[in-house]
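Topology and contacts: notes
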Amino acid sequence: MKTLSSMLLLLLGAAMASAVQAGPREDLLDRYAKDARANDPGFTSFSATRGQELHLARHTTGKPDTPSCSQCHGDKPRNAGRTPTGKSIEPMAVSATPTRYTDAAKVEKWFRRNCNEVLGRACTPAEKGDWLAYMISQ
Amino acid sequence: MVLTIRPVAAALFLIFFSALLLDRAQAGSGHYYPPVTDKLTQDECGSCHMAFPAALLPARSWQRIMGGLADHFGDDASLDPAATAHITRYLTDNAADGAGSRHARKLMRGIDQANPPLRITELPKWVSEHREISPREWKSKDVGSKANCTACHVDASKGYFEDD
């Protein structure tokens, strides 16, 4: 009985601790960091500066009409963007749209689509983490 | 007694009749297409452009669109099989030749039933309704694409595609 109740307490404590620090956004970043380290043992941490460079750069390897993330999302993450078909996109900066990047499947779906369109390839875990770090810092 | 019933009956008749007319106006006029009510369809098909009402295309067009999402007019709009099946069912059930037919009769005029276009903007009736719009207007910055219905039809998300 005693062991059972202390085990329950332990479980409760663990649940509360994880509720405090790890939201879905942090989980996602942890996953990208783990994958980035697996690809490159020298990886240390994500960089919002590199994320901004990725966001603004004009790439030549993807579809010619969408050379940059900023083409649709704009170059100021706190402002709304616009798709080529004219549909408005809510700001990508977390401070402006707090619900952003809380659904891992949604984030992965759009990284897959958009990186392919803009870069002509998948984004690496490091690129994804850098880009998210930039949007979280904005 | 008779005197009081009469106006009531007349009022009731009027209400009934105008409701009928209103319903007719929406159903037959060709400018009302019920907005998407399915949450998943709204989310997955409404992020790059408006979620087009199901009654704007026949079921066969929706089936072909949903069968080719990986190359969707040049974009990758692919979804997992469960979501694809769910959305296909919603769109075909409510298509122009399904539950949406009473709204869509006008727009479906002149289409090749066996091989209907993939695009709403290629339906013969859509083309003729928009023939007066100049190339310059289509290319203007606010429009950009024929598929940007909301640029001109401000109440498109409520289902109304009037001349406004």
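Data block above holds the structure.
The following paragraphs examine the structure supplied in this document. Computed from a predicted model, the values in this text were never measured in an experiment. (Residues numbered from 1 in each chain as written. Chains lettered and ligands numbered in written order. Predicted model: local features only at pLDDT ≥ 70, side-chain atom pairs only at ≥ 80, totals over all residues. Heavy atoms only, no water.)

1. Digging into the nonpolar core
Among the nonpolar cores identified, the biggest contains 35 residues, and Phe52(B), Trp62(B) and Leu123(B) are the most heavily contacted of them. Counting residues per element, the ones that place at least two in this core are helix 3 (59-66) and helix 4 (81-93) of chain B. Contacts of Phe52(B), omitting those with residues within four sequence positions, involve Val36(B), Trp62(B), Ile120(B), Ala147(B) and Cys149(B). Membership of the second largest hydrophobic core comes to 25 residues, among which are Tyr32(A), Met92(A), Tyr101(A) and Val107(A). (Core = buried A, V, L, I, M, F, W, Y, C linked by side-chain atoms within 4.5 Å. Buried < 20%, exposed > 50% of the residue type's maximum accessible area, 1.4 Å probe, protein only. Helix = DSSP H or I, 4+ residues; strand = E, 2+ residues; numbered from the N terminus. Contact = heavy atoms within 4.5 Å.)

2. Concerning the environment of Arg60(B)
All names here are of chain B. Residue position: Arg-60 is located in helix 3. Judged by its relative accessible area of 45%, Arg-60 falls in the partly exposed class. The sequence separation of Arg-60 and Asp-76 amounts to 16 residues, and the corresponding C-alpha distance is 21 Å. With sequence-adjacent residues up to four places away left out, Arg-60 is seen in contact with Gln-113, Ala-114 and Pro-116.

3. Description of the layout of surface pockets
A water-sized probe, rolled over the atoms, reveals where empty space remains. Quantified by volume, the second largest pocket comes out at close to 180 Å³. Along its surface, the second largest pocket is lined by 16 residues, and Lys87(A), Gln42(B), Met50(B), Ala51(B) and Ser157(B) are the ones closest to its centre. Its residues assigned to classes, the lining of the second largest pocket comprises eight nonpolar, seven polar and one charged. (1 Å grid on protein atoms, 1.4 Å probe; cavity = no way out; pocket = protein on both sides within 12 Å on 5 of 7 lines; lining within 4 Å. Points joined across faces, edges and corners; volume = space filled by probe spheres on them. Nonpolar A, V, L, I, M, F, W, Y, C, P; charged D, E, K, R; others polar.)

4. Focus on the pattern of salt bridges
Counting across every chain of the model gives eleven salt bridges over all chains. Between Asp130(A) and Arg50(A) there is a salt bridge, and its shortest N-O distance comes to 2.8 Å. One end of the pair, Asp130(A), is in helix 6 (residues 125-137); the other, Arg50(A), is in helix 3 (residues 48-56), with 80 residues separating them in the sequence. Salt bridges sharing common partners tie together Lys63(A), Glu117(A) and Asp75(B). (Salt bridge = Lys/Arg side-chain N within 4 Å of Asp/Glu carboxyl O.)

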